[in-house]
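Per-entry structural report
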Protein chains: 2
Amino acid sequence: MIKELIDARYGLPLSGHIPTQDTTTGSEGHLSQPLADNETLRTILQHASARKFEPEAVPEPLMQQLFATAFSAPSKSDLQQVSVIRMIDPSQRNRIVRDNPKIAWTKHAPQFMIWCADNRRIRQICETKKYPFANDHLDSFMNSAVDTGIAMQTFIIAADSVGLRCCPISEVRNSIEYLSKELDLPPHVFPVAGLCVGWPLEEPSISMRLPLDITVHTNQYNDDSLSSKVKSYDLRRESTDQTPTEKQRQPERFGLAEVYGWSEDHARQYSEPLRADFGRYIRKQGFDLS
Amino acid sequence: MIKELIDARYGLPLSGHIPTQDTTTGSEGHLSQPLADNETLRTILQHASARKFEPEAVPEPLMQQLFATAFSAPSKSDLQQVSVIRMIDPSQRNRIVRDNPKIAWTKHAPQFMIWCADNRRIRQICETKKYPFANDHLDSFMNSAVDTGIAMQTFIIAADSVGLRCCPISEVRNSIEYLSKELDLPPHVFPVAGLCVGWPLEEPSISMRLPLDITVHTNQYNDDSLSSKVKSYDLRRESTDQTPTEKQRQPERFGLAEVYGWSEDHARQYSEPLRADFGRYIRKQGFDLS
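Residues numbered from 1 in each chain as written. Chains lettered and ligands numbered in written order. Predicted model: local features only at pLDDT ≥ 70, side-chain atom pairs only at ≥ 80, totals over all residues. Heavy atoms only, no water.

1. Side note on the packing of helix α3 (residues 60-70) of chain A against helix α6 (residues 138-161) of chain A
Residue and element names in this part refer to chain A.
- Look at α3 against α6: their axes get within 8 Å of each other, and the N-to-C directions meet at 130°. Put simply, α3 runs oblique to α6. Crossing geometry of α3 relative to α6 is assigned as right-handed. Contact with α3, carried on its side by Met 63, Leu 66, Phe 67, Thr 69 and Ala 70, involves Ala 151, Thr 154, Phe 155, Ala 158 and Ala 159 of α6 and no other residues of that element. (Axes fitted to C-alpha atoms, helices over the stretch in contact; angles between N-to-C directions. Helix = DSSP H or I, 4+ residues; strand = E, 2+ residues; numbered from the N terminus. Parallel < 35°, antiparallel > 145°, perpendicular 65-115°, else oblique. Left-handed = near helix turned anticlockwise from the far one by under 90°. Contact = heavy atoms within 4.5 Å.)

Structure (structure tokens):
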């Protein structure tokens, strides 16, 4: 079963990722060995994001337990720079989607929350103790954001393990000033992602991943044959999950592609500026990014 | 068993986190309900970082499988902006710890790798297709870093589930220029964290977490009684895991505290600048952070 899950995730067997000439990692001949198999590995390999949920509520004790589990995640220097704001008030959720219509669908998720990076807590602690806070720079900003992603992903895996499904939503940052005001975020706290949680209405589809010979490097970074590897990946993805013609981005600008795929889709997506105002907001929240 | 794991992680029962006057989340009376229990939740709750490992190698097929599992993690806009560089060459590892002696202990870890944010891939794809890349700003930088944390944490949970232990190491960034050269990192790729992996020599101790009434907020951010909550947390932590006097930071500057704890430790730590040059490095790697 675990082998089938890996094959499905990549659209090719694990052996297909490893360049046959690569003997530096001692990988020859290992493919006959049995794979590890347990519930956690299967849960992770079957991860998928859901946007459609049953109307049933997620019991509050379960939510508390998932939070308690999520915050077991490692944290840079044990600083625990994460705060999550649960949006329980329906009128607040209505206002937020009115301001940011792209996420209107989130209104139907039983649970919705904003995962925030919290670099305020350590500053408050320094202030209380009258010690200077000497780390107002990009490294601090990044550490708090990365810790937030780490805790949120731990929540997602925990939720997946009990049959819930989630959807992380970076689009909450499209309207960050308004969101920030609604959540009453003080300086040095900022939204990293929204998260919907609920019981899935249908089993969501798994998104195929880049092969490991693109993402895993040995000793040095190497993307010499990126183009041809991405081309094969595009074809593998399209062969199991073809992009419908009407989903091609900006056909008026780029035309309709005969072969559309992951790379074409994201190249078109990133040819348009998105959230270019995020830096201004972060500086307004008090961060020095020098 | 799951209840004991949660209690140990927080030093207090789950009911102790929830303010009794808080009825907005409908949390009253739920404590009689049974907790969810499965292998994944237990794996996450028992997470701890290890710095001492058995000399036994981690089998290469298992490593490949853990990478294949880790990259199942969600990724912002499905962009998959993560690259991991495995350091297999012992002479390279020797050079890196020589340049950065604070991480000398990592030499004894069977596996060592650097998790890098990779904002280069999408740029390369845009270039190949001759589409402009219109997202050179802070949001892009952050998304690639957060995705890296998410994938690394997924690797850690997968590794924990088979009995391995890891240690994420942000200190690899203390000597980022040299590391970057050793890994031959091109523009728009940068190290987020190192990761040691191996079979633990001893069961590492679990680090107690801030209570959920500090980290989980309802509708609005609220840290009104942070000071008193942190004080109780400090005492809880110290009562099970007391900081030895010789581990107090900078006694020559701050004196020896009678009651030392998590907050005192990190306030002292952050009173000294750490990695103030990270922003300069990131700009040199080609990022515009405006």
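More follows now that the structure is in view.
2. Notes on the environment of Phe 155 of chain B
Residues and elements named next belong to chain B.
- Positionally, Phe 155 belongs in helix α6 (residues 138-161).
- A relative accessible area of 0% places Phe 155 in the buried class.
- Placed 117 residues apart in sequence, Phe 155 and Asn 38 show a C-alpha to C-alpha distance of 19 Å.
- Among all residues touching Phe 155, those that are not within four sequence positions of it are Met 63, Leu 66, Phe 67, Ala 70, Met 113, Trp 115, Cys 166, Leu 195 and Val 197. (Buried < 20%, exposed > 50% of the residue type's maximum accessible area, 1.4 Å probe, protein only.)

3. Digging into the pairing of strand β1 (residues 82-86) of chain B
- With five of five residues buried, β1 of chain B is to be regarded as a mostly interior element.
- Of the two faces of β1 of chain B, the one carrying Val 82, Val 84 and Arg 86 of chain B and the one carrying Ser 83 and Ile 85 of chain B are both buried.
- Taken together, the three bridges between strand β5 (residues 216-218) of chain A and β1 of chain B define a ladder with parallel strand orientation. Directly across from His 217 of chain A, in β1 of chain B, lies its bridge partner Ile 85 of chain B.
- Note that β1 of chain B and strand β2 (residues 111-118) of chain B share five bridges and pair antiparallel. Paired with Val 84 of chain B across the strands is Trp 115 of chain B, a residue of β2 of chain B. (Pairing = 2+ DSSP bridges.)

4. Some details on the packing of aromatic side chains
- The tally for this structure, following the rule as stated, stands at 24 aromatic pairs over all chains.
- Ring centres 5.2 Å apart and planes at 45° place the aromatic pair Phe 67 of chain A and Phe 155 of chain A in the tilted group. Residue Phe 67 of chain A is located in helix α3, and its partner Phe 155 of chain A is located in helix α6; the two are separated by 88 residues in the primary sequence.
- The class of Phe 67 of chain A is buried, set by a relative accessible area of 1%.
- Ring geometry for Phe 141 of chain B versus Phe 287 of chain B: centroids 5.6 Å apart, planes at 75°, classification edge-to-face. Placement of Phe 141 of chain B in helix α6 and of Phe 287 of chain B in the segment after α12 (278-284) is noted, with a sequence separation of 146 residues between them. Accessibility assignment for this pair places Phe 141 of chain B and Phe 287 of chain B in one class, buried.
- An aromatic cluster is defined as three or more aromatic residues linked by ring pairs; in this entry it consists of Phe 141, Phe 190, Phe 278, Tyr 281 and Phe 287 of chain A.
- Here Arg 173 of chain A stacks its cationic end above the ring of Phe 278 of chain A, 5.5 Å away from the centre of that ring. (Phe/Tyr/Trp six-rings, centres within 6.5 Å; stacked < 30°, edge-to-face > 60°. Lys NZ or Arg CZ within 6 Å of the ring centre and 35° of its normal.)

5. Description of the interface of chain B and chain A
- Residue-level contacts link 135 residues of chain B with 135 residues of chain A.
- Interface of chain B and chain A: buried area, both sides summed, is about 11200 Å²; carbon and sulfur atoms make up 60% of it.
- Taken together, the links from chain B to chain A amount to twelve salt bridges.
- Where Asp 139 of chain A meets Arg 275 of chain B, a salt bridge forms, and the shortest distance between an N and an O atom there is 3.0 Å.
- Inspection of the region where chain B meets chain A yields 82 residue pairs in polar contact (both at pLDDT 80 or more).
- Looking at the side of chain B that touches chain A element by element, the count peaks at 17 residues for α6 of chain B. (Buried area = accessible area lost by both parts, 1.4 Å probe. Salt bridge = Lys/Arg side-chain N within 4 Å of Asp/Glu carboxyl O. Polar contact = N/O pair within 3.5 Å; in protein donor to acceptor, adjacent residues only side chain to side chain.)

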